[in-house]
Amino acid sequence: MTDRPPRSGLAAVSTALLAMSRQMEVRDVLKTIVASARELLDAEYAALGVPDDHGGFAQFVVDGVSEEQWKAIGPLPRQHGILAAMLHEAKPERLADVRQDPRFEGWPSAHPDMSDFLGLPVRDGDETLGALFLANKRCPGGRTPQGGCGFTEDDEELLGILAQHAAIALTNARLYERSRELTIAEERSRLAHELHDAVSQKLFSLRLTAQAAAALVDRDPARAKGELHQVAVLAAEAADELRAAVVELRPAALDEDGLVHTLRTQIQVLDRAHSASVTFDTCGVRALPAAQEEAVLRVAQEALHNALRHSGAERVAVSLVRRGQGALLSVTDDGKGFEPRTVRRAGRHLGLVSMRDRAGGVGGTLDVQSAPGKGTTIEMEVPGG
């Protein structure tokens, strides 16, 4: 974002609120909130974190930090110190120097230095949607060696107004995305029915034509050759139908939100829908080539399906961590497990053949560890790009 002179007064507030209300995607709303807050209160830095249920942040958006700086800073922060206080105590924090606060735990090496600090929770009723904070208030005469000029009580009141409207905008965006997900699910169901009908018809014709060719091959080789040519045409048409369906059925969320966010969202849904506890942990994962991200997602879905529907597990833990330039997916359950020596028989039932094919198709590997009564761990590693 290019630094501009701060706007002031009612017009500035109105501009910020209108900007938030125009956005429909959650990520865009978060970015708009952060940029609006930073400009409105004339701060060097602004950030907004949306917490997950595991002590981290599902999303974390910053403004005032370059992309190179942000990459150098490393993994997203955890819910600790002052961030945790804002999330769990649900009260504003206005500090003359955040570094002097007893809850301060230091910055990563590439993190910009910050002094004066203003933060508060973004809340919808009793639910805390996120933590919004700003640092380093700009001073008309420049910052002093001891720090900035500091945020005022008026700044805190203004940020409070912005946070209230941010909660509304964020809630609306979430509702919009859920509505869109339902629409996408309905569309995929329709496509699945159409695909089943179209490909089934092609395969039925293919089977009849092949049978006709087999019957003619001895008594009328010329006609048999014509029938075999038709077999090739029908097979090509069926392949085209399948390719088109694969493109249409690629998870839209992967393109828009990336692998980590998509996987986290799906796991949160499964955790709510099943009696078993389903958790997700991730660290340092970079964006992967599209084919690898889709393969990882599909293997995770298959492994989760097995754990939740067939293993009788009470706990399922999913992790996705960086491994060199690629990533390592692990899905572990405490279910009934199975005997690895019978993996060929179990493999087809549990979809292991399909998972191995998906892993191998993108240059990855799949490892399955299990024993009766000892649960199952499925690991997939992909090389990255």
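To keep things clear, this report deals only with the structure shown in the data block. (Residues numbered from 1 in each chain as written. Predicted model: local features only at pLDDT ≥ 70, side-chain atom pairs only at ≥ 80, totals over all residues. Heavy atoms only, no water.)

**Overview of the overall build of the chain**
When helices and strands are counted, the chain shows ten helices and ten strands. With an accessible surface of roughly 20,800 Å², the chain has 52% of that area assigned to carbon and sulfur atoms. (Helix = DSSP H or I, 4+ residues; strand = E, 2+ residues; numbered from the N terminus. Areas by Shrake-Rupley, 256 points an atom, 1.4 Å probe, with all protein chains shown as cover.)

**Some details on the pairing of strand E2 (residues 57-63)**
Across the seven residues that make up E2, a large majority, six, are buried. With six bridges connecting them, strand E1 (residues 43-51) and E2 associate as antiparallel partners. Across the sheet, residue Pro51 finds its bridge partner in E2, namely Phe57. (Buried < 20%, exposed > 50% of the residue type's maximum accessible area, 1.4 Å probe, protein only. Pairing = 2+ DSSP bridges.)

**A look at unusual backbone geometry**
Even without being a glycine, Ala90 presents a positive backbone phi close to 55°. Mapped onto the elements, Ala90 comes out in the loop between helix H4 (81-89) and strand E3 (93-95).

**Some words on the pattern of salt bridges**
Per the counting criterion, the structure on display carries 14 salt bridges. Across the salt bridge formed by Lys91 and Glu89, the nearest N and O atoms sit 3.8 Å from each other. For Lys91, a relative accessible area of 36% gives the class partly exposed. Taking the relative accessible area as the measure of exposure, Glu89 reaches 47% and is therefore partly exposed. (Salt bridge = Lys/Arg side-chain N within 4 Å of Asp/Glu carboxyl O.)

**Here we look at the sheet that holds strand E8 (residues 326-333)**
Within the open sheet, the five strands sit side by side as E6-E7-E8-E10-E9. Their pairing is mixed. The open sheet is flanked by strand E6 (277-283) and strand E9 (365-370), the only strands paired with a single partner. Neighbour-to-neighbour, the strand axes of this sheet turn through a mean angle of 10°, independent of strand direction. As paired elements, strand E7 (residues 315-323) and E8 share eight bridges and run antiparallel to each other. Among the inter-strand pairings, Arg323 is bridged to a residue of E8, identified as Gly326. The strands touched by helix H10 (residues 352-361) within the sheet are E9 and strand E10 (376-382), with E9 carrying the most contacts at an inclination of about 145°. (Axes fitted to C-alpha atoms, helices over the stretch in contact; angles between N-to-C directions. Contact = heavy atoms within 4.5 Å.)

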